[in-house]
Amino acid sequence: MSNLLTYIIFLPLVGGILIFFYNREKIRAIKVFGIAISVLTFILSLFLYFGFDAANPGIQFQHKVLWISGLNISYNVGVDGLSLLLVMLTTFLTPIALLSSWKSIEKRVKEYTIMMLFLEVGMLGVFSSLDMFLFYIFWEAMLIPMYFIIGIWGGGNRIYAAIKFFIYTMFGSLLMLIAIIWLGYYASTQPNGQFTTDLLQLYSIGPTIPLAIQSWMFLAFTLSFAIKVPLFPFHTWLPDAHVEAPTAGSVILAGVLLKMGTYGLLRFSIPLFPQATLEFMPYIAGLAVIGIIYGALVSMVQTDIKKLVAYSSVSHLGFVVLGIFALTEEGIQGAIIQMVNHGLSTGALFLIVGMIYERRHTREISEFGGLAKVMPIFSTIFMIVSLSSIGLPGLNGFIGEFLILLGAFRSPYMSQWFTIFAATGVIFAAVYLLWVYQRVIFGNITNPLNQNLLDLSKREIAVLVPVLVFIVWIGIYPNTFLKQSASTTKQIVTIATQKPLPRLVTTEQSVKPENTQGK
């Protein structure tokens, strides 16, 4: 069904438009309808997952319609093993985020629900776009609802955090726009060429760019994605955005938006500019290792639980970037599954922080202690999620970090010292997560305000249980998800290491190789 992906992308947009016509006083109806639309989107995405052919490394479920004929720009969407998992992660986390804010969002519920659904449209569009002009539109469109979610429903310093988030991302985006335009122009200078933003055509053109120019193009794209990851030292917008955002905003920000940066590295920077990738790989891997250690050390000294989780993202995403630039199948496979793992584990940590904040209206670690005595269900789930984030064998975090470290250690393109230093991040993660758990959960209840706290409600358990299921599932049997990205990973490594197979192919092209030549 060629239109399935289009239905998945734009169903939340239709839902958001319909909510415009709701009476704003019907708060419950608005919440139910918003969650229903997001759940329906997830159900549709299941057809995408089960209809996907894991053995085919090419683009599937492609839907292409000419949009601007004069510039050869098309509405062109599709998924491969990389984007499929991130589309699924997006549709999975969105209804969970909406359900988590059932009680915490009390003002402008109508507008909030609309913004969350519009945000989902932007995220799905980013992961599905095969035209660079279309990708850029979704990339920028996603900023608007997140800006309002932080700026309207965030904490006391929300305006500063929202503007900082917007400016940082916009700066990187403008550099990427310049590079996109130049790539289209370069395509027009080729024999029988024309201006195009078709990503699949540019895959065969990008590697032919002279290295000096290719390096500038690589930096323009990679800087934009590094800000979004965020890669050290471009991370300073992240803690402010996380701390000030409402719980659902933090879940989506950590669970999905940060993955847009690492996705961009794999989808654009590496296959379009493979020679430049090899040139800059040691420097980016070095920044990733610094980010792993720096994020972990800064997390240790935080007194605010939410800020601790925010800085932990800098460390965890450093592992993902290291795996990507190892340029090995193990490293990239680990990076892809770790994107999903981080979305689940860190998303769950933000949900847990939000639930305790709703009860005490503080996130200061010193305000808690002994919660295991009054909130046993909360304490149990907090422990499972913390261990998954640490990378305990049997839970999801272990397989991702193991593959990343294995891939980096075996990489012929980087020193094994990168892996050795990166591995210390696993130890530091255990320190800051177990330490905060010990201070919050164990010991005696010294603050009388904690003595009568209510344990998790049925709604809160319903929010967390689906995440826990996948945390355990991926930890015990990761092949369910690894197999979906295996063939795509091989193709990315082939391109990055300049072996034969010059570009990614669509399903149709892989069947009819004689039709792969550009005009």
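Scroll up a little and you will see the structure.
My aim in this report is to walk through the structure given alongside it, one point at a time. Just so you know, these numbers come straight off a predicted model, no measurement behind them.

## Quick notes on the overall build of the chain
Argument step 1. When helices and strands are counted, the chain shows 20 helices and 2 strands.
Argument step 2. For 519 residues, the compact-globule formula gives about 24 Å, and the C-alpha radius of gyration of the chain, at 22 Å, lands near that figure.
Argument step 3. Taking the principal axes of its C-alpha atoms as reference, the chain extends roughly 75 × 60 × 40 Å.
Argument step 4. Here the chain, with 519 residues, has 61% of them falling under the buried criterion.
Argument step 5. The long-range share in the chain, meaning contacts at least 24 apart out of those at least 6 apart in sequence, stands at 79%.
Argument step 6. Element-wise, carbon and sulfur atoms account for 68% of the exposed surface of the chain, whose accessible area totals about 19100 Å².

## Overview of empty space enclosed by the protein
Argument step 1. Counted according to the given criterion, the structure contains 4 cavities of 30 Å³ or more.
Argument step 2. Approximately 60 Å³ is the volume found for the largest cavity.
Argument step 3. Lining the largest cavity, in full, are K31, I35, L98, S101, W102, I105, V109, Y112 and T113.
Argument step 4. Contributing elements (two or more residues each) for the lining of the largest cavity: α2 (27-50) and α4 (109-128).
Argument step 5. Sorting elements by how many residues they give to the lining of the largest cavity places α4 first, with 3 residues.
Argument step 6. What the second largest cavity holds in volume is close to 50 Å³.
Argument step 7. Along the walls of the second largest cavity sit H316, Q338, N341, H342, S345, T346, S388, S389, G397 and E401, which together make up its complete lining.
Argument step 8. Of all the elements in the fold, those that place two or more residues in the lining of the second largest cavity are α14 (329-360), α15 (376-390) and α16 (396-410).
Argument step 9. Ranked by the residues each element gives to the lining of the second largest cavity, the list is headed by α14, at 5 residues.
Argument step 10. Its residues placed into classes, the lining of the second largest cavity shows no nonpolar, 9 polar and 1 charged.

## Things to note about the nonpolar core
Side chains that are nonpolar tend, in soluble globular proteins, to be buried together.
Argument step 1. One finds F221, L257, L322 and L371 to be the most contacted residues of the largest nonpolar core, which totals 178 residues.
Argument step 2. Excluding its chain neighbours within four sequence positions, the residues that come into contact with L257 are L119, M123, M142, M146, F165, K228 and I252.

## Considerations on the layout of surface pockets
Argument step 1. Volume-wise, the second largest pocket comes out at about 430 Å³.
Argument step 2. What lines the second largest pocket is a set of 22 residues, and nearest its centre among them are S104, W153, P246, T247 and Y357.
Argument step 3. Mapped onto the lining of the second largest pocket, the elements with two or more residues apiece are α6 (143-153), α10 (237-244) and α14.
Argument step 4. With 5 residues, α14 is the largest single contributor of residues to the lining of the second largest pocket.
Argument step 5. Across the lining of the second largest pocket, the residue classes tally to 9 nonpolar, 7 polar and 6 charged.

## Notes on the packing of aromatic side chains
Argument step 1. Enumeration over the complete set of coordinates arrives at 32 aromatic pairs.
Argument step 2. Taking 5.8 Å as the distance between ring centres and 20° as the angle between the ring planes, the aromatic pair formed by F398 and F402 counts as stacked. In this pair, F398 and F402 both sit in helix α16, 4 residues apart, roughly one turn of the helix.
Argument step 3. Grouped by ring-pair contacts, the aromatic residues F42, Y49, F50, F92, F470, W473 and F481 constitute a single cluster.
Argument step 4. Across from the ring centre of W102, 5.3 Å away, lies the NZ or CZ of K31, which sits over that ring.

## Quick notes on the pairing of strand β1 (residues 60-68)
Argument step 1. Where β1 and strand β2 (residues 73-79) come together, 6 bridges link them in antiparallel fashion. Looking at the pairing, I68 lines up with I73 of β2.
Argument step 2. Counting the residues in the hairpin turn of β1 and β2 gives 4 residues, including N72, whose phi is positive at 55°.

## Quick look at unusual backbone geometry
Argument step 1. Of note, the bond from V229 into P230 is cis; its omega dihedral lies within 30 degrees of zero at -10°.
Argument step 2. Mapped onto the elements of the fold, P230 is located in the loop between α9 (211-228) and α10.
Argument step 3. Cis peptide bonds are those with omega within 30 degrees of zero, and the linkage from F232 to P233 qualifies with 5°.
Argument step 4. Among the secondary structure elements, P233 is positioned in the loop between α9 and α10.
Argument step 5. Here the phi dihedral of N72 falls at roughly 55°; this positive angle occurs in a residue that is not glycine.
Argument step 6. By the element assignment, N72 lies in the loop between β1 and β2.
Argument step 7. Residue classification places N72 among the buried residues on the basis of a relative accessible area of 16%.

## Remarks on α10
Argument step 1. The buried fraction of α10 amounts to 7 of the 8 residues, a majority that puts the element mostly inside the structure.
Argument step 2. Of all the residues in α10, the buried ones are W237, L238, P239, A241, H242, V243 and E244.
Argument step 3. For α10, the elements touching its buried residues are α6, α7 (158-188), α9, α11 (247-272), α13 (305-325) and α14.

## Description of α16
Argument step 1. Taking 1.5 Å as the rise per residue, α16 with 15 residues should run 21 Å; its terminal C-alpha atoms sit 22 Å apart, in good agreement.
Argument step 2. Within α16, the full set of buried residues consists of N396, G397, I399, G400, E401, L403, I404, L405, G407 and A408.

## Points about a nonpolar patch on the surface
Argument step 1. Taken together, the side chains of V465, V469, V472, W473, I476 and Y477 define a hydrophobic patch exposed on the protein surface, amounting to about 550 Å² of accessible area.
Argument step 2. Positionally, V465 belongs in helix α18 (residues 458-476).
Argument step 3. In this structure V465 comes out as partly exposed when scored by relative accessible area, which is 37%.

## Quick look at the environment of T197
Argument step 1. Mapped onto the elements, T197 comes out in the loop between α7 and α8 (199-205).
Argument step 2. Between the alpha carbons of T197 and W182 there is a distance of 9.9 Å; along the sequence they are 15 residues apart.
Argument step 3. Discounting residues that sit within four places of it in the chain, T197 has contacts with N72, I73, L130, D131, M132, F133, I180 and L202.
Argument step 4. Of the polar contacts made by the side chain of T197, one reaches the side chain of D131; its length is 2.8 Å.

## Let's talk about the pairing of β2
Argument step 1. Most of β2 is tucked away, with 7 of its 7 residues classed as buried.
Argument step 2. Alternating positions in β2 separate into two faces, I73, Y75, V77 and V79 on one and S74, N76 and G78 on the other, with burial throughout.

Parameters at a glance
- Residues numbered from 1 in each chain as written.
- Predicted model: local features only at pLDDT ≥ 70, side-chain atom pairs only at ≥ 80, totals over all residues.
- Heavy atoms only, no water.
- Helix = DSSP H or I, 4+ residues; strand = E, 2+ residues; numbered from the N terminus.
- Rg over C-alpha atoms; globule rule 2.2 N^0.38 Å.
- Buried < 20%, exposed > 50% of the residue type's maximum accessible area, 1.4 Å probe, protein only.
- Contact = heavy atoms within 4.5 Å.
- Areas by Shrake-Rupley, 256 points an atom, 1.4 Å probe, with all protein chains shown as cover.
- 1 Å grid on protein atoms, 1.4 Å probe; cavity = no way out; pocket = protein on both sides within 12 Å on 5 of 7 lines; lining within 4 Å.
- Points joined across faces, edges and corners; volume = space filled by probe spheres on them.
- Nonpolar A, V, L, I, M, F, W, Y, C, P; charged D, E, K, R; others polar.
- Core = buried A, V, L, I, M, F, W, Y, C linked by side-chain atoms within 4.5 Å.
- Phe/Tyr/Trp six-rings, centres within 6.5 Å; stacked < 30°, edge-to-face > 60°.
- Lys NZ or Arg CZ within 6 Å of the ring centre and 35° of its normal.
- Pairing = 2+ DSSP bridges.
- Expected span 1.5 Å × (residues − 1).
- Patch = residues over 30% accessible without salt bridge, like charges linked within 9 Å, V, L, I, M, F, W, Y side chains within 5 Å.
- Salt bridge = Lys/Arg side-chain N within 4 Å of Asp/Glu carboxyl O.
- Polar contact = N/O pair within 3.5 Å; in protein donor to acceptor, adjacent residues only side chain to side chain.

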